[in-house]
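Remarks on the overall topology
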Protein chains: 4
Amino acid sequence: MAGRPRSIEADAAILEATLEEYKHCGYGGLCVDAVAARAGVSKATIYRRYASKLDLVMASTVAAVPDATSQPDTGSLRGDLIQRLHALRDLLHGTGRVMRRLVSERGDYAELDAAHAQFVAERRAATASLIERAIARGEIAADVDVAFVSDLLAGPLFYRFLVHDDVVDDTYIERVVDAALGAV
Amino acid sequence: MAGRPRSIEADAAILEATLEEYKHCGYGGLCVDAVAARAGVSKATIYRRYASKLDLVMASTVAAVPDATSQPDTGSLRGDLIQRLHALRDLLHGTGRVMRRLVSERGDYAELDAAHAQFVAERRAATASLIERAIARGEIAADVDVAFVSDLLAGPLFYRFLVHDDVVDDTYIERVVDAALGAV
Amino acid sequence: MAGRPRSIEADAAILEATLEEYKHCGYGGLCVDAVAARAGVSKATIYRRYASKLDLVMASTVAAVPDATSQPDTGSLRGDLIQRLHALRDLLHGTGRVMRRLVSERGDYAELDAAHAQFVAERRAATASLIERAIARGEIAADVDVAFVSDLLAGPLFYRFLVHDDVVDDTYIERVVDAALGAV
Amino acid sequence: MAGRPRSIEADAAILEATLEEYKHCGYGGLCVDAVAARAGVSKATIYRRYASKLDLVMASTVAAVPDATSQPDTGSLRGDLIQRLHALRDLLHGTGRVMRRLVSERGDYAELDAAHAQFVAERRAATASLIERAIARGEIAADVDVAFVSDLLAGPLFYRFLVHDDVVDDTYIERVVDAALGAV
DNA sequence: ACCTAAGCGAGACGGTACGTCCCGTCTTCTG
DNA sequence: CAGAAGACGGGACGTACCGTCTCGCTTAGGT
């Protein structure tokens, strides 16, 4: 049977309180009792939803991220790639810590690895299809190394994000795309 | 007044044990008792050397990352950069999981951030000096964006390492350098 | 206005499940969720009947201890007392672990104490009335210490049950009664 | 090796604080944090010594009991038995709850059962030797049922203690002894 | 050859947060 | 309306770990 449904207000209050505490204290200093108090919720109510403090923080971050929407054809490879990197930047910016965790735990948990691999593969396939579309259009040579171009595009953004904790601007993205296209 | 000197074996055992634990557990999960046990050392012996868990982890990490030993001038910017990326690749390959953890925990523990930032700044300064040398030689324009070129160079390597868990080969490095140089 | 009547099966299942859990866990360890689960009943159904865990346990215990059904007059004090001790022995034997728990938790949970005291008082009053009947019959002196005689009677049976986990036989009971009567 | 020895002040403070809290709150209401606070001690320091709240309370009770000293020959069975019951009364009074627990957990844990059985056997043997001494002296018949007499003696005291939570006075003890002796 | 300052292993300590458990109440849906 | 299911606030439980401390023992260097 059904039972009492989980409180939607609690859901929201928990996530918001977590983000707030997180901002003030960082992960190490975040304390679940404080989150519960701020959310006006008991600890049990939090742990019913999230298995651990880590889970809680990750979920609150994920929840703060808007879904990536599918991308229209802009008519040119350059436009397509710029659009794509915008999406990547927003994804990184939105998921922040979660993406970092994912990166850090490669090899620690088999389940995560599979999910991670699939996630990466999907995104690279999407990028590859952009490039193939450009090849079909005759914009670039047919023998271009798709993986390498992908690295040139995604690399700088990931690097700035993971290592420098920076959000790049639109101009930066255009320069990256131009640099990558200049290499082929 | 001298007293018994500190044990050199303990010094080494502590650092190694810390790295090992850090690899497996990350900063949050690392527990000083476990480090002591693994090192065959008492906790007091650790705290006599390092003021806190943070200190300990930072010291062990720094020790694991060999100094960016000054690199000989190859005579050309291309040669310098290739040499530099080889060093970066070896660094990533050598430190492995430690580097992954380090990157992944950016922002989680405020204390770690400053240390991380300084470490990154040093390495970028080294790269910047290479480029300035090239400017002095007249190899490239004086108004080149050093930070951006650094991103084009380091980005793909970090990306392949962190996201794809790949160690790139020498050819890959040359292509990256050529792509970056082509962009300026 | 009548609505659905309360389930009689639930009534019984709750009491039985409570006793069972009580036997295994005592009052402190008894958990209402477990009782509900064992009874195949929801917690609300329990709390609709009993105001608290204490209420529940008391009710189930009382139900398990059959009323000191009024006992026929055998015509002699000796006969009355033997009959009474038979009843006590059967009570101890019948309630078993429950009685043990009840006794053992005296003073642990203040709420339980009042209930316990009342229960004991009722039984002693019943015994006292037997003795007063004998006084009226002139069988024994009027100034006999009723409480003391009760101790001489009940003491050995409780002792053998609680400390030695023994069920005494009919002969034993007769000897106890004779010893007690000999003392007055 | 040795390591830092446990604090004797802490030992004492914990036991005292526990008794104090116990008096005010009973077992159910006793809260380990409060004990720790009152004792000026951390919770870990308590749990290093006692595995659980129950353990803690039992130990504090046991510690409050003075050891039973060996008993001199008074020259007469009556005197010996009175002395013996005094000791029993003091034991019951002193151990209180612990004795109750012991009684209640018969059959729950095999280790406890053995200890319990041995404890009981020792005490009965001691009582038996008193009686045999009296037989040797010719005070009573050689075919007396020692076990039964023991029941008549110990029964009322246990009964009053366990069921009525009463401490009997010296006169009561004499009357019990006289009643038991009267039965042989 | 001794003495003494310091290092060391062991492990207890105060404090603080964790994640779990359970009580008694509540909310929803089903019969 | 009663009942099953189960979420909820509150609050104690017992655990883990940090950084400090107290032991008794070992290891030099200075006299």
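Residues numbered from 1 in each chain as written. Chains lettered and ligands numbered in written order. Predicted model: local features only at pLDDT ≥ 70, side-chain atom pairs only at ≥ 80, totals over all residues. Heavy atoms only, no water.

1. Comments concerning helix α1 (residues 8-29) of chain B
All names here are of chain B.
- The first and last C-alpha atoms of α1 sit only 27 Å apart over 22 residues, clearly below the 32 Å expected at 1.5 Å per residue.
- Of all bends in α1, the biggest is about 85 degrees, found at Lys23.
- Along α1, the residues classified as buried are Ala10, Ile14, Ala17, Thr18, Leu19, Glu21, Tyr22, Gly26 and Tyr27.
- For α1, the elements touching its buried residues are α2 (32-39), α3 (43-49), α4 (53-64), α6 (97-104) and α7 (110-137). (Helix = DSSP H or I, 4+ residues; strand = E, 2+ residues; numbered from the N terminus. Expected span 1.5 Å × (residues − 1). Bend = angle between axes of the 7 residues up to and from the residue. Buried < 20%, exposed > 50% of the residue type's maximum accessible area, 1.4 Å probe, protein only. Contact = heavy atoms within 4.5 Å.)

2. Some details on the protein's contact with DNA strand F
- Taken together, 48 residues sit near DNA strand F, with A:Thr45, C:Arg4, C:Ser7, C:Thr45 and D:Tyr47 positioned nearest.
- In the model, a phosphate oxygen of DNA strand F is placed 2.9 Å from a nitrogen or oxygen of the B:Lys53 main chain.
- Between a phosphate oxygen of DNA strand F and a side-chain N or O atom of C:Thr45, the distance comes to 2.6 Å.
- Those elements that place two or more of their residues in the surface near DNA strand F are α3 (43-49) of chain A, α2 and α3 of chain B, α3 (43-49) of chain C together with α2 (32-39) and α3 (43-49) of chain D.
- A per-class count over the surface near DNA strand F returns 19 nonpolar, 12 polar and 17 charged. (Near = heavy atom within 4 Å. Polar contact = N/O pair within 3.5 Å; in protein donor to acceptor, adjacent residues only side chain to side chain. Nonpolar A, V, L, I, M, F, W, Y, C, P; charged D, E, K, R; others polar.)

3. Some remarks on the packing of aromatic side chains
- Inspection of every chain in the model, using the stated rule, returns 10 aromatic pairs over all chains.
- Residues C:Tyr159 and D:Phe158 carry aromatic rings whose centres are separated by 5.0 Å and whose planes lie at 45 degrees to one another, so their mutual orientation is tilted. With one member in each of two chains, C:Tyr159 in helix α8 (residues 146-164) and D:Phe158 in helix α8 (residues 146-164) form a pair that bridges those chains. Taken individually, C:Tyr159 and D:Phe158 each receive the classification buried, so the pair is uniform in this respect.
- Cluster of aromatic residues (ring-pair linked, three or more members): C:Tyr27, C:Tyr109 and D:Tyr27.
- The aromatic ring of B:Tyr27 is capped on one face by B:Lys53, whose charged end is 4.7 Å from the ring centroid.
- For the cation-ring pair, C:Arg175 lies above D:Phe148, with the distance from its terminal atom to the ring centre recorded as 4.2 Å. (Phe/Tyr/Trp six-rings, centres within 6.5 Å; stacked < 30°, edge-to-face > 60°. Lys NZ or Arg CZ within 6 Å of the ring centre and 35° of its normal.)

4. Some thoughts on unusual backbone geometry
Residue and element names in this part refer to chain B.
- Although it is not a glycine, Asp165 adopts a positive phi angle of roughly 55 degrees.
- With respect to the helices and strands, Asp165 occurs in the loop between α8 (146-164) and α9 (170-182).
- A residue is classified by how much of its surface remains accessible, and Asp165, at 42% relative accessible area, is partly exposed.

5. So, the interface of chain A and chain B
- At the junction of the two partners, chain A supplies 34 residues and chain B supplies 31 residues.
- A buried area of about 3100 Å², summed over both sides, lies between chain A and chain B, and 60% of it is on carbon and sulfur atoms.
- Across the chain A-chain B interface, the total number found is 4 salt bridges.
- The partner of B:Arg175 in a salt bridge is A:Asp145, with the nearest N and O atoms 3.1 Å apart.
- Residue contributions to the side of chain A that touches chain B peak at 12 residues, all from helix α8 (residues 146-164) of chain A.
- Of the residues assigned to the side of chain A that touches chain B, the class counts are 16 nonpolar, 7 polar and 11 charged. (Buried area = accessible area lost by both parts, 1.4 Å probe. Salt bridge = Lys/Arg side-chain N within 4 Å of Asp/Glu carboxyl O.)

6. Concerning the pattern of salt bridges
- Following the criterion strictly, the structure yields 72 salt bridges over all chains and no others.
- Between A:Asp151 and B:Arg160 there is a salt bridge, and its shortest N-O distance comes to 2.4 Å. Within this pair, whereas A:Asp151 is found in helix α8, its partner B:Arg160 is found in helix α8, the two belonging to separate chains.
- A salt bridge links D:Arg38 to D:Glu21; the nearest nitrogen and oxygen atoms lie 2.9 Å apart. Of this pair, D:Arg38 sits in helix α2 while D:Glu21 is found in helix α1 (residues 8-29), placing the two residues 17 residues apart along the sequence.
- Classification of D:Arg38 by relative accessible area gives partly exposed; the value is 41%.

7. Concerning the environment of B:Ala37
- By secondary structure assignment, the location of B:Ala37 is in helix α2.
- Taking the C-alpha atoms as reference, B:Ala37 lies 47 Å from B:Thr74; in sequence the two are 37 residues apart.

8. Quick look at the interface of chain D and chain C
- On the chain C side, the residues contacting the 34 residues of chain D number 32 residues.
- Summing the contributions of chain D and of chain C, the shared interface buries around 3100 Å²; its carbon and sulfur component is 59%.
- Taken together, the links from chain D to chain C amount to 4 salt bridges.
- The interface formed by chain D and chain C holds 15 residue pairs in polar contact (both at pLDDT 80 or more) in total.
- Looking at the side of chain D that touches chain C, the elements with two or more residues in it are α1, α6 (97-104), α7 (110-137), α8 and α9 (170-182) of chain D.
- Tallying contributions element by element places α8(D) first for the side of chain D that touches chain C, with 12 residues.
- Taken together, the residues of the side of chain D that touches chain C break down into 16 nonpolar, 7 polar and 11 charged.

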